[in-house]
Amino acid sequence: MKCYAAHPELSKGRQFNEPSPTYRSEFQRDRDRIIHSTSFRRLEYKTQVFVNHEGDLYRTRLTHSLEVAQIARSIARALGLNEDLTEAIALAHDLGHTPFGHAGQDALNHCNKALGGFEHNHQSLRVVDWLEHSYADFHGLNLCFETREGILKHCHLKQARELGEVGQRFIDQTHASLEAQLTNIADEIAYNNHDIDDGLRSGLIKIKDLREVALFEEAYVAVISRYPTLDGRRLIHEIIRRIIGRLVVDLTKTSESNLLLAQVKNIEEVRQYPQELIQFSTEMRIASRELKKLLREKLYFHHKVYRMSHKANMIVTGLYQAFMDDVRLLPPEHQQLVKDYQQHYGEQNKSRAVVDYIAGMTDRYARQEYQRLFEV
Ligand code: MG
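Cut-offs used in this document
- Residues numbered from 1 in each chain as written.
- Predicted model: local features only at pLDDT ≥ 70, side-chain atom pairs only at ≥ 80, totals over all residues.
- Heavy atoms only, no water.
- Core = buried A, V, L, I, M, F, W, Y, C linked by side-chain atoms within 4.5 Å.
- Buried < 20%, exposed > 50% of the residue type's maximum accessible area, 1.4 Å probe, protein only.
- Helix = DSSP H or I, 4+ residues; strand = E, 2+ residues; numbered from the N terminus.
- Contact = heavy atoms within 4.5 Å.
- Axes fitted to C-alpha atoms, helices over the stretch in contact; angles between N-to-C directions.
- Left-handed = near helix turned anticlockwise from the far one by under 90°.
- Nonpolar A, V, L, I, M, F, W, Y, C, P; charged D, E, K, R; others polar.
- Domains from an automatic or database assignment.
- Buried area = accessible area lost by both parts, 1.4 Å probe.
- Salt bridge = Lys/Arg side-chain N within 4 Å of Asp/Glu carboxyl O.
- Expected span 1.5 Å × (residues − 1).
- Bend = angle between axes of the 7 residues up to and from the residue.
- Donors = N, O, S within 2.8 Å, 3.2 Å for Na, K, Ca; no water.
- Phe/Tyr/Trp six-rings, centres within 6.5 Å; stacked < 30°, edge-to-face > 60°.
- Lys NZ or Arg CZ within 6 Å of the ring centre and 35° of its normal.
- Parallel < 35°, antiparallel > 145°, perpendicular 65-115°, else oblique.

1. Digging into the nonpolar core
The biggest cluster of nonpolar side chains holds 73 residues, and the ones touching the most others in it are Ile34, Leu81 and Ile196. Secondary-structure elements contributing two or more residues to this core are helix H3 (61-79), helix H4 (83-92), helix H6 (120-131), helix H7 (145-151), helix H10 (178-202), helix H12 (214-226), helix H13 (232-262) and helix H15 (282-300). Tallying contributions element by element places H13 first for this core, with ten residues. Once you skip the residues sitting within four places of it in the chain, Ile196 turns out to touch Ile205, Leu210, Phe216, Ile240, Ile243, Leu291 and Leu295. Among the nonpolar cores identified, the runner-up in size contains 26 residues, and Phe100, Tyr341, Tyr357 and Met361 belong to it.

2. Quick word on the packing of helix H16 (residues 303-325) against helix H18 (residues 349-360)
Between H16 and H18, whose axes approach to 10 Å, the crossing angle comes to 145°. Every pair of crossing elements has a handedness; the one defined by H16 and H18 is right-handed. Between H16 and H18, the residues in contact are Val316, Leu319, Tyr320, Phe323 and Met324 and Lys350, Ser351, Val354, Val355, Tyr357 and Ile358, respectively. Within the contact of H16 with H18, the residues separate by chemical class into nine nonpolar, one polar and one charged.

3. Concerning the domain arrangement of the chain
For the chain, the assigned domains are domain 1 (23-304) and domain 2 (305-374). Computed over C-alpha atoms, the centres of domain 1 and domain 2 are 26 Å apart. Listed per partner, the contact involves 30 residues of domain 1 and 27 residues of domain 2. Across the domain 1/domain 2 interface, buried area totals approximately 2,600 Å², and carbon plus sulfur atoms make up 62% of it. The tally of links between domain 1 and domain 2 comes to one salt bridge. In this structure, the salt-bridge partner of Asp356 is Arg126, at a minimum N-O distance of 2.6 Å.

4. Quick notes on helix H17 (residues 332-345)
Across its 14 residues, H17 extends 19 Å between first and last C-alpha, which sits within 8% of the 20 Å expected from 1.5 Å per residue. At Lys339, H17 shows its largest bend, some 25°. Within H17, the full set of buried residues consists of His334, Leu337, Val338 and Tyr341. Remark: Gly346 follows H17 within two positions and exhibits a positive phi of approximately 55°.

5. Description of the coordination of the magnesium ion
A four-donor tetrahedral metal ideally has 109.5 degree angles, and a six-donor octahedral metal ideally has angles of 90 or 180 degrees. Within the first shell, the magnesium ion binds the protein through His64 (NE2), His93 (NE2), Asp94 (OD) and Asp187 (OD), at distances of 2.1 to 2.6 Å. All donors to the magnesium ion come from one chain, and their sequence spacing reads H-x28-H-D-x92-D. For His93, a relative accessible area of 4% puts it in the buried group. Of the residues examined, Asp94 reaches a relative accessible area of 3% and is grouped as buried.

6. Looking at the packing of aromatic side chains
Tallying each qualifying case throughout the model produces six aromatic pairs. With a centroid separation of 5.2 Å and an interplanar angle of 65°, the aromatic rings of Tyr341 and Tyr345 are classed as edge-to-face. Highlighted residues: Tyr341 and Tyr345, both in helix H17, separated by four residues, approximately one helical turn. We classify Tyr341 as buried; its relative accessible area is 10%. A ring pair is formed by Tyr370 and Phe374, whose centres lie 4.6 Å apart and whose planes are at 40°; its orientation type is tilted. Placement of both Tyr370 and Phe374 in helix H19 (residues 363-374) is noted, with a separation of four residues, approximately one turn of the helix. What links up through ring pairs into an aromatic cluster is the set Phe16, Tyr135 and Phe138. Geometry around Phe145 places Lys12 over its ring, the cationic atom sitting 4.7 Å from the centre. One cation-aromatic arrangement involves Arg372 over Tyr365; the distance from NZ or CZ to the ring centre is 5.5 Å.

7. Observations regarding the packing of H6 against H18
In the contact formed by H6 and H18, the axes pass within 12 Å of each other and the chain directions differ by 100°. Classified by the angle their axes make, H6 and H18 are roughly perpendicular. Between H6 and H18, the residues in contact are Gln123, Arg126 and Leu131 and Arg352, Asp356 and Ala359, respectively. Of the residues in the contact of H6 with H18, the class split is two nonpolar, one polar and three charged.

8. Section: unusual backbone geometry
A positive phi angle, close to 55°, is found at Gln173, a residue other than glycine. As for its placement among the helices and strands, Gln173 is situated in the loop between helix H9 (168-172) and H10. Residue Gln173 is classed as exposed on the basis of its relative accessible area, which comes to 67%. One non-glycine residue, Gln263, adopts positive backbone phi at about 55°. Along the chain, the position of Gln263 falls in the loop between H13 and helix H14 (267-272).

9. Focus: the pattern of salt bridges
Considering all chains together, one arrives at 35 salt bridges under this definition. Residue Glu149 is joined to Arg271 by a salt bridge in which the shortest nitrogen-to-oxygen separation is 2.8 Å. Taken together, the residues span a long stretch of sequence, with Glu149 in helix H7 and Arg271 in helix H14 at a distance of 122 residues. Here Glu149 falls in the buried class, since its relative accessible area comes to 3%. For the salt bridge of Asp209 with Lys208, the shortest nitrogen-to-oxygen distance reads 3.8 Å. One salt-bridge network, held together by shared partners, links Arg24, Arg31, Asp32, Arg73, Arg77, Glu83, Asp84 and Glu87.

Quick look at the structure:
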């Protein structure tokens, strides 16, 4: 590992002091705790873009998180960063996602507007800091500062002030570790590419649509000139693996030369450096943005996806309103949370407990709850 990597023995530590693990590093322990958590298992039944019941081969939040971890870990190794921390952040980065993907998040954000809205990054941190109930000595998973810092990708200033040390960088406008910066971009590489794959599989986008985008077209031409008769799944996979390869190589090379130029000697200098050092080249940033734009127009805003979003909105909003109108509809342990939250959240206790309950639901659990409450 290089000097600018996050070193577990120099960690800023955990909120609750614990003896060091015997055979693992502190970051390995974080990764292991994430994998053993309930929220991690729930990712299997949470929507990425396509709802789980639409087909068995689409990405879910779980397979998405594994792909992010794979991409991030390869680059971490190439750059001499801490692989265990990178993997821990990648596996945890979407733990706070609501059911039904972004549609669910938007609905919950809208419902909770008066009380500061809902943001999945912030919720991911809540999951690892509070909402897991498995350990006798503390709430949450009691992860290291560096893992928590990486999970909190964005944050409103108001929230940052309430979060203490982990929110401080949004106030000071400094940066997170290189491992956190890397995982953030690996997330983008993973979803852009698997959304091409899932989009084509669903038939909502076509190869001819994607050929308008330079990044796709170049990979397409490279594959077809080598294998002129290739088609179907093999063609798509050969194109996508080339796009991922180009993005990964560009990100690694650009970041490597940024690091060489910056001469940062430790993680503190990384945090204080004027820019983020893990970056694509300008050319690749533009190419990647073009791909994103096309996916947004053709896939995320496709009327079939929109209809799913509409339904998600109806379910999430319906559940929120019903629980807010009458907390006795909540399961007993969540009614108890309303009381427990009183001290910390004052008048917001009810909405906080309702939001935590809904955000934790898988797609199918949310649908079942909706049916149980509204169908006669
Ligand atoms: Mg993600």
